[in-house]
Amino acid sequence: MHLLLPEVDREAPAPLAAQIAGFYARAIAEGRMRVGDRLPPIREVAATLDVTRATVQEGYRQLAERGLVAGTVGRGTVVVPGARGDGAGALAPVGPLSPYAEAALRRSEEVPGAPPLPPGQPLVANFAELAPDDARFPVDAWRAAMDAVLTRRGAELLGYGRAQHGLPELRELLAARTRDIDPGLAADDLLVTAGAQQALDLVLRTFCAPGDTVVVTSPSYHQMHGLLRAHGLNFVQVPFTADGLDLEQLERALVRRQARLVYLTPTFHNPTGRTLDLAQRRALMDVVARTATPIVEDEYQSALRMRGEPLPTLRSLDPRGLTVTVSSVSKGLFPALRIGWIAGSGDVLRPMAAVKRFMDLETSALLQAALVEFIREGHLDRHLDALRGELRLRHAALQAACREHLPAGCAVTDPDGGFVAWLELPEPGHGDRLADLAADRGVRVVPGRVFDLHGLPSRGVRLSLTRADQRQIRDGIAVLAAQCRAVLGAPVAARSFL
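Residues numbered from 1 in each chain as written. Predicted model: local features only at pLDDT ≥ 70, side-chain atom pairs only at ≥ 80, totals over all residues. Heavy atoms only, no water.

Asks: Explain the overall build of the chain here, please?
Replies: Across its full length, the chain holds 16 helices and 16 strands. For 498 residues, the compact-globule estimate of 2.2 N^0.38 gives 23 Å, and the C-alpha radius of gyration of the chain, at 24 Å, lies within 12% of that figure. By residue count, 52% of the 498 residues in the chain fall in the buried class. Of the contacts made within the chain by residues no fewer than 6 positions apart, 75% connect residues no fewer than 24 positions apart. Just so you have it, the chain exposes about 21700 Å², and 53% of that area is on carbon and sulfur atoms. Computed over 57 positive and 57 negative side-chain charges, the inter-centroid distance for the chain is 2 Å. (Helix = DSSP H or I, 4+ residues; strand = E, 2+ residues; numbered from the N terminus. Rg over C-alpha atoms; globule rule 2.2 N^0.38 Å. Buried < 20%, exposed > 50% of the residue type's maximum accessible area, 1.4 Å probe, protein only. Contact = heavy atoms within 4.5 Å. Areas by Shrake-Rupley, 256 points an atom, 1.4 Å probe, with all protein chains shown as cover. Lys, Arg positive; Asp, Glu negative; His and termini not counted. Charge placed at Lys NZ, Arg CZ, Asp CG, Glu CD.)

What follows is the structure, given as structure tokens:
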């Protein structure tokens, strides 16, 4: 069959993705496309219309949501049985879903991330994955820690635990390890959770009700977006740039929108890698202190500082006691451990602990005890020292390659730690176009639109250094620079850095 390519009107008010979906919905309704017919490859439609592949993917997703098409391994996207252009033919749900479940399902089906490589295209560099490199996991040391606690306390640890806030010995260790950035922190100020994601969910369940407004940065951690939508929350985005957080916009959001919560990543921000300095933190707290709005600060990478002095948490600077800090070992150690924690005042942690008890009864006492053993034996410090040393080398390779190759108009952040950096071009949409072009040449990056709550065109892309060694970083940046020149249509000149 001859592949039917869509037609769009760039002057029309409807988004291009919706126009693509509407074109194929009409074609199905009119019988121009029948059951089993294949839609054109996303790459071909994107090239024909001169749009990003993400735009075409969104159009195809809308068609799938209406029950008109489905992705088929080996065949691409095909028209499904019973499809009609009016949306009939979609599979009936197993039953009525809650708004929470519907929002979570929609978000999970969007599958935001890096564009895939074309078939047969070798991988040059993977800057897309933020999951730690499994080749560096301390498997033997962790096995020894598990064996030790099972030998000494196996029967006790395999039953239900009684420590609602987490094992006291783990909370003592975590508090002691965090006092350089939160000097007053005590074990009683900690609630152990099943990873940072559960901690964020607990914060929303404790502070917010459907319809409340939450302030986030633009750009911001994309998995938080799904949580906000699942909880039925509204949101305001406040720019986070090289100059820090836009405090004027933040104050307007707090006063005019009566925001219920502020979500921030002040250290090694995802996706930019930026960090609020001490003056910026104090200025932020001056603004927030005039309100009763809680802050949740996500310190998921704070243990991965490779240079500079540690900075105090926002919690330690908040005289109101309304800031909570979420942390985790997922990035510094390994994600499967699923141990995180919330630091906060007793008045805040008590309701969170009560909510958590109904969610999962407890965080695994066995894993908590094994982590205590792992820390006491010095394994965590040795692992983090090695990881920070490797990160130092990878960030240095990134900066050197960017200085050598990036064209004028492009800029890259230079973080003091963590896994991520942010490559930015001059105009909105440039980052999304760069992600597509880079994938064509074997380099995977996540386009900035993924980190915008509205999915708006972005100037930047996120670069993660978890899966790219120094050679791959050099090769990958050379490819990205060439594709930056293609996006800009300009020759190489002086570089700039954020």
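Asks: What is the right way to look at helix α7 (residues 195-207) in this model?
Replies: Turn by turn, an α-helix covers 3.6 residues, leaving residues three or four places apart pointing in a common direction. With 13 residues, α7 extends 19 Å from end C-alpha to end C-alpha; this agrees with the ideal 18 Å at 1.5 Å per step. The element α7 is largely enclosed, with a buried count of 10 among its 13 residues. Within the span of α7, buried status applies to Gly195, Ala196, Gln198, Ala199, Leu200, Asp201, Leu202, Val203, Leu204 and Phe207. (Expected span 1.5 Å × (residues − 1).)

Asks: Before we go on, may I ask you to explain the sheet that holds strand β9 (residues 295-298) in this structure?
Replies: Pairing between the strands of a sheet comes from backbone hydrogen bonds, and it takes one of two forms, parallel or antiparallel. Spatially, the eight strands line up as an open sheet ordered β4-β11-β10-β9-β8-β5-β6-β7, and their pairing is mixed. A single partner strand is all that each edge strand has here, and the edge strands are β4 (190-193) and β7 (244-245). In this structure, strand β5 (residues 213-218) lies alongside strand β6 (residues 234-241), joined through six bridges in parallel fashion. Note that in β6 the partner of Val216 across the bridge is Gln237. Each of β5, β6, β7 and β8 (261-264) touches helix α9 (residues 247-255); the most contacted strand, β6, lies at about 165° to it. (Pairing = 2+ DSSP bridges. Axes fitted to C-alpha atoms, helices over the stretch in contact; angles between N-to-C directions.)

Asks: Even after reading the chapter, I still don't get the packing of α7 against helix α12 (residues 346-360), so can you show me in this structure?
Replies: In helix packing, the relevant descriptors are the interaxial angle and the interaxial distance, both defined with respect to the helix axes. Running from amino to carboxyl end, α7 crosses α12 at an angle of 115°, the nearest separation of the two axes being 9 Å. Comparing their axes, α12 and α7 come out roughly perpendicular. Relative to α12, α7 is oriented so that their crossing is right-handed. Across from Gln198, Asp201, Leu202, Val203, Arg205, Thr206 and Phe207 in α7, the residues of α12 making contact are Val348, Pro351, Met352, Val355, Lys356, Met359 and Asp360. For the contact of α7 with α12, the class distribution of residues is eight nonpolar, two polar and four charged. (Parallel < 35°, antiparallel > 145°, perpendicular 65-115°, else oblique. Left-handed = near helix turned anticlockwise from the far one by under 90°. Nonpolar A, V, L, I, M, F, W, Y, C, P; charged D, E, K, R; others polar.)

Asks: For this particular structure, what's the right way to read the side chain of Arg53?
Replies: When you line up the elements, Arg53 lands in helix α3 (residues 53-65). Classification of Arg53 by relative accessible area gives buried; the value is 7%. Here Asp440 takes part through its side chain, which lies 3.4 Å from a polar atom of the side chain of Arg53. Excluding residues that lie within four positions of it along the chain, Arg53 makes contacts with Ile42, Arg43, Ala46, Pro115, Pro116, Ala435, Asp436, Ala439 and Asp440. (Polar contact = N/O pair within 3.5 Å; in protein donor to acceptor, adjacent residues only side chain to side chain.)

Asks: So what exactly am I meant to see when it comes to the sheet that holds strand β13 (residues 420-424) here?
Replies: The strand order across the open sheet formed by four strands is β12-β13-β16-β15, and the pairing between neighbours is antiparallel. The sheet is open, and its two borders are formed by β12 (411-412) and β15 (446-447), each paired with just one other strand. In terms of strand pairing, β12 meets β13 through two bridges, oriented antiparallel. Note that in β13 the partner of Ala411 across the bridge is Glu424.

Asks: Can you help me understand the pattern of salt bridges in this one?
Replies: Opposite charge on two side chains permits them to pair, given that their charged atoms come into close proximity. Enumeration according to the criterion identifies 23 salt bridges in this entry. For Arg307, the salt bridge goes to Asp416, with nearest N and O atoms at 2.6 Å. With a gap of 109 residues between them, Arg307 in the loop between β9 and α11 (314-317) and Asp416 in the loop between β12 and β13 connect regions that are remote in the sequence. Relative accessible area serves as the criterion here: at 27%, Asp416 is assigned to the partly exposed category. One salt bridge in this structure joins Asp360 and Lys356, with 3.2 Å as the shortest N-O distance. With Asp360 and Lys356 both in helix α12 and four residues apart, the pair spans about one turn of that helix. Since its relative accessible area comes to 24%, Asp360 is described here as partly exposed. Via salt bridges that share partners, Arg43, Arg53, Asp436 and Asp440 belong to a single interconnected network. (Salt bridge = Lys/Arg side-chain N within 4 Å of Asp/Glu carboxyl O.)

Asks: Explain the nonpolar core here, please?
Replies: Soluble globular proteins tend to bury their nonpolar side chains together. The biggest cluster of nonpolar side chains holds 39 residues, and the ones touching the most others in it are Trp142, Leu170, Leu333, Leu337 and Leu371. At the level of elements, α5 (139-157), α6 (168-178), β4, β11 (340-343), α13 (365-376) and α14 (379-405) are the ones that each hand at least two residues to this core. Ranked by residue count, the leading element in this core is α13, at eight residues. In this view, Leu170 contacts Val192, Ile339, Gln368, Leu371, Val372 and Ile375; residues no more than four positions away in its chain are not counted. In terms of nonpolar packing, the next biggest core, distinct from the first, is built from 29 residues, Ala401, Ala438, Ala468 and Ile473 among them. (Core = buried A, V, L, I, M, F, W, Y, C linked by side-chain atoms within 4.5 Å.)

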